[in-house]
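As a plain string of letters, each chain reads:
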Amino acid sequence: MTSLRFSVGLITSVSALALAQAAMADAAAPSSAPVDEVVVTAPRQEDKARARQEEAPNIIDVQSAETIAKYPDFNAAEALGRIPGVSLSSDTGEGRFVNIRGIDANLNGATYGGVVLLNTNAGGTAAGGGGRAVEFDTIPTGAIDGIVVTKTRLPDQEGEGLGGSVELTPRSAAHITEPFAEGTLGWGYEPLHGHTGPFDGELAFGARFGLGDHGLIVEGVGEKAPARVGWLSNPTPFSFVLNVSRRDDRRAVDDLEESYIDDTSVPAKADAGIQGKAFSGVDFRRYDYHRRRFGYGGEFDFEPNDDHTYYVRASIAGYTEAVHKNFYLLRNLDGAEQADGSVPTAPGGSAFLATATPEETLTDEQETHRNQVYVVGGRDRWDDNQVDYHAAYSRATFAVGYNIGAKFVAPTTSVAYNNAGDGNFPTFSYPSGFNPNTASAYNLSSITNSDEHDVDEEYSYAANLLLATHWINDSDRLKMGVEVRLRDKTVNPYIWDGIVDPTLNLADASGPANTYYNGLYPNGPFINRYAIRGILDGQASTISNDLDTTGFFTADEDIYAGYLQYSTDIGKWNFLAGARVEATQAKYTTYQNVTDAAGDNSAELFTRRDNYTNVFPTVQAKYTIAPNLIARAIFSTGISRPGFEQVAAAASVDFSNSPVIINRGNPNLKPITGDSFDLSIEYYLPNGGIIEAGLFDKEFSNYIVPRVQHGVNNDPLAPGQLADVTTFLNISSAYARGAEFAYHQKFDFLPGPFDGLGVEANLTLVDSRILEYDAATSITGTNQYGLLPGTSKVTWNLAGFYEAHGIQLRLSSEYVSHSLFGLGGDKALDTIQDDRLTLDFTSSYQITHNWSVYFNAKNLLNTPLRYYEGSPDRPIQREFYDVTYEAGVKARF
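Residues numbered from 1 in each chain as written. Predicted model: local features only at pLDDT ≥ 70, side-chain atom pairs only at ≥ 80, totals over all residues. Heavy atoms only, no water.

A. Up close: the packing of aromatic side chains. As enumerated under the stated definition, the model contains 38 aromatic pairs in all. Taking the centre distance of 6.2 Å and the plane angle of 35° together, the rings of Phe294 and Tyr296 count as tilted. Geometrically, the ring pair formed by Tyr517 and Tyr521 is tilted, given 5.6 Å between the ring centres and 50° between the ring planes. Here the aromatic cluster, defined as three or more aromatic residues joined through ring pairs, consists of Tyr260, Phe279, Phe284, Tyr328, Phe352, Tyr417, Phe425, Phe428, Tyr516, Tyr517, Tyr521 and Phe880. Lying across the ring of Tyr319, Arg291 places its NZ or CZ 3.9 Å from the centre. The side chain of Lys890 reaches across the aromatic face of Tyr854, ending 5.4 Å from its centre. (Phe/Tyr/Trp six-rings, centres within 6.5 Å; stacked < 30°, edge-to-face > 60°. Lys NZ or Arg CZ within 6 Å of the ring centre and 35° of its normal.)

B. Spatial organisation of unusual backbone geometry. Residue Pro198 is bonded to the preceding Gly197 through a cis peptide linkage, with omega at 10°. Of note, the amide linkage connecting Ser658 to Pro659 takes the cis form, showing an omega dihedral of 0°. You can see Pro659 is positioned in the loop between strand S31 (651-654) and strand S32 (660-663). Phi is positive for His470, which is not a glycine, with a value near 60°. For His470, the location among the structural elements is in the loop between strand S21 (450-467) and strand S22 (477-491). The exposure class assigned to His470 is partly exposed, which follows from its relative accessible area of 41%. Unlike most non-glycine residues, Asp882 shows phi in positive territory, near 70°. Position of Asp882 relative to the elements: it lies in the loop between strand S45 (875-880) and strand S46 (884-892). (Helix = DSSP H or I, 4+ residues; strand = E, 2+ residues; numbered from the N terminus. Buried < 20%, exposed > 50% of the residue type's maximum accessible area, 1.4 Å probe, protein only.)

C. View of the environment of Asn119. One can find Asn119 in the loop between strand S5 (115-116) and strand S6 (144-150). For Asn119, a relative accessible area of 1% gives the class buried. At 2.8 Å, the side chain of Asn119 and the backbone oxygen of Gly131 are in polar contact. (Polar contact = N/O pair within 3.5 Å; in protein donor to acceptor, adjacent residues only side chain to side chain.)

D. Here's a closer look at helix H5 (residues 529-538). Buried residues of H5: Ile532, Ile535 and Leu536, and no others. The buried residues of H5 occupy an angular sector of 95° when projected down its axis, which confines them to one face. Facing away from the buried surface of H5 by more than 90 degrees, the exposed residues are Tyr530, Asp537 and Gly538. On its buried face, H5 is in contact with strand S16 (352-382), strand S17 (385-409), strand S20 (443-448) and strand S25 (521-527). Two to three positions downstream of the cap, the backbone nitrogen of Tyr530 sits 2.9 Å from a side-chain oxygen, assigning the N-cap of H5 to Asn528. (Arc of directions from axis to C-beta. Contact = heavy atoms within 4.5 Å.)

E. The pattern of salt bridges, seen in detail. Within this structure, the stated rule accounts for 60 salt bridges. The closest approach of N and O atoms between Glu78 and Lys858, which form a salt bridge, is 2.6 Å. Here Glu78 is found in helix H4 (residues 76-80), whereas its partner Lys858 is found in strand S43 (residues 851-858), with 780 residues between them in sequence. On the accessibility criterion, Glu78 (5% relative accessible area) is buried. Assessed through its relative accessible area of 11%, Lys858 is described here as buried. Connected via shared salt-bridge partners are Asp91, Glu94, Arg96, Asp137, Glu190, Asp249, Arg251, Arg291, Arg293 and Glu321. (Salt bridge = Lys/Arg side-chain N within 4 Å of Asp/Glu carboxyl O.)

F. Spatial organisation of the pairing of strand S27 (residues 553-570). For S27, the buried fraction is high: 13 of the 18 residues fall into the buried class. As defined by bridge partners, S27 adjoins strand S28 (residues 573-595) across 18 bridges and the pair is classed as antiparallel. Among the inter-strand pairings, Asp569 is bridged to a residue of S28, identified as Asn574. Counting the residues that bridge the hairpin from S27 to S28 gives two residues, and of these Gly571 lies at a positive phi of roughly 60°. (Pairing = 2+ DSSP bridges.)

So this is what it looks like as structure tokens:
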């Protein structure tokens, strides 16, 4: 169990010993030339991005804008999925969250231009449900210069990020050498439900300029202006870049979802052969989305001379999404369950015989996710010493303008269904002759509406001082800094109260019925959303908008940090060591919702404060074996603070049950901390190529898991009473260990025209372990172990490409193996996200120096997003999206 950790520790110790020997042997050797501290941002060019990765003292992966453009990725999340060690979590046909080295997205860090990026919707996060995972689908690829994934953090970086951290580098004005303007205009087709789009429009332009004796000077236009004398020596000290992007798509989704009769009173029900596959409900779901993703921002720089620079930057990105969901539902199928837990079957035992309540439902919703980052900062240098600083404001908002629901119900009917085999395409029949598409069979049962307005904002201030100490040689650098982060998060859900349900037959509020899922299933009559909106509009004066106390919370987190790090080059070695200290002061406020013995409800605000301090040491060694061949041995540490949904979730207490039922967050949770041991070897090839291999071992303390505690008699919400408590707890330990491999090479040694061929590939193998359920919690009464939430044991990318003579062609595949998505109370009931293999094609042709055209085809395999419960033959969700086609033109001047 600890073999990899022992091996890494042993090799790290050997490396340290070798370093000491090298220090003595090379003490008299000429010292290396002083170099600036590496600023971990992503350049736009592929070869420069690879050089940045090679120069870095720690393990990072850099993805340039040039590389991102070679894939048909809609957003930053999908671009991240191409990077070694990163696995993509998708929703509604697009990438949204990313796991790094098998670690849940809630436990990783994210910055935008060095400023912490906040998440918009705490209640919509991935795997572990901590409410901290950043939705990278809010950031369009056109808004960034590139991506840096940091896998071993430095003391001058945020402590957050147990798997790693993601830096999205915004378009920068710092290195502009000539005026430029570039744009993209594209259109496409999404065949499922016959939708046009997506539309893609991007525009960026910038220049460097100054004022001279004869007026405006633009760098790169005409003769280069001579340098001036004095502090304002740069003849073109001003530069700017502005960018705007818009991507609209009307994605359609065909989805089939089931729930099973998970009767815990029947031992091993989920493993009881065909009886373990009996349904409690089935959803035939048809979605039509309209997402309008936007991004705009810019930067203005003032660089009076080579030693001083100052900047102002602003960025706004996000999307507004409207969705029309039309569901045909079979409810109460579990009513056929008999006393022994079985469900009647037809002769032969392959089909179930049950009764169900058919329902037709509508969801008509619009939501907006928005991220904003504003920064002012600068850098001043004196000889080999420099100071840099910034003040920033980061804001993330989630706004649900309306979330209208309508339910129409038909009389109970008999149903026969067969879900033998893998269960992907069960069959259904109605012995009574019921037709799901007959609108007159359904009558209105209820209309609902809700809205939500969440705000997450943070003010931050940071300053860093870099000193050339010359203690050993001229490469010595001592860096120190301080940072203050002041974060306030508020979640405000509201429920519309006072809606009166009129008498309404579905035939008077629907259009023609749909058959969907490639013609396999009925989706029922298509509910007219405008008719339902009209009913609500007519009752507007009598409807109240009430705070939903079960979802409301506020979280204030103030973080005060300081660090010290030292680095030096000794012969072929680079050595870095240091530590970061972070003091956290937090306050969480939520409601306690109580149902008394008579069934009456009440709610009371509850506030808890928590203060703690953590120290994060790191030791990193880098050895240049030969030109372009590097080995690294690293020890680093990190933290993940308790998730908002874990520590600040509203509490509910139901005294009308015996034992009392309590559901709540745990305000006493400790943060998760981790120690990381890494080894890597990297060989850098021409044209941005690389061959690399690495090992990592991550050991966690106080990992947070959901737990059901039975027979509790001292819970503060029900003192002295017996209670069953569903909450979150820390467990002592967990781990994630694995290996990474990457290979990228252009075969330019081949004779023309084959010199444009190449391959880009990476593979990540991860093993992790956690105590999912202890004996007191699991249905089987035994300890049950499994992978960490979000861990995919195998992740790989493989792309074959041709880049020559103005032609770019790329066929790329991405594979993510199954992972634990949600805990269900027992391993037989866990929700698992299934293996996923996708295939994409991209192409472009450079018509002239300034103009190019492109064509992309995405999701060629029509791979579904599939989840199952416990075992693969118990599917609970299969979403299909079909292929997306895009074509357009790009220009650069």
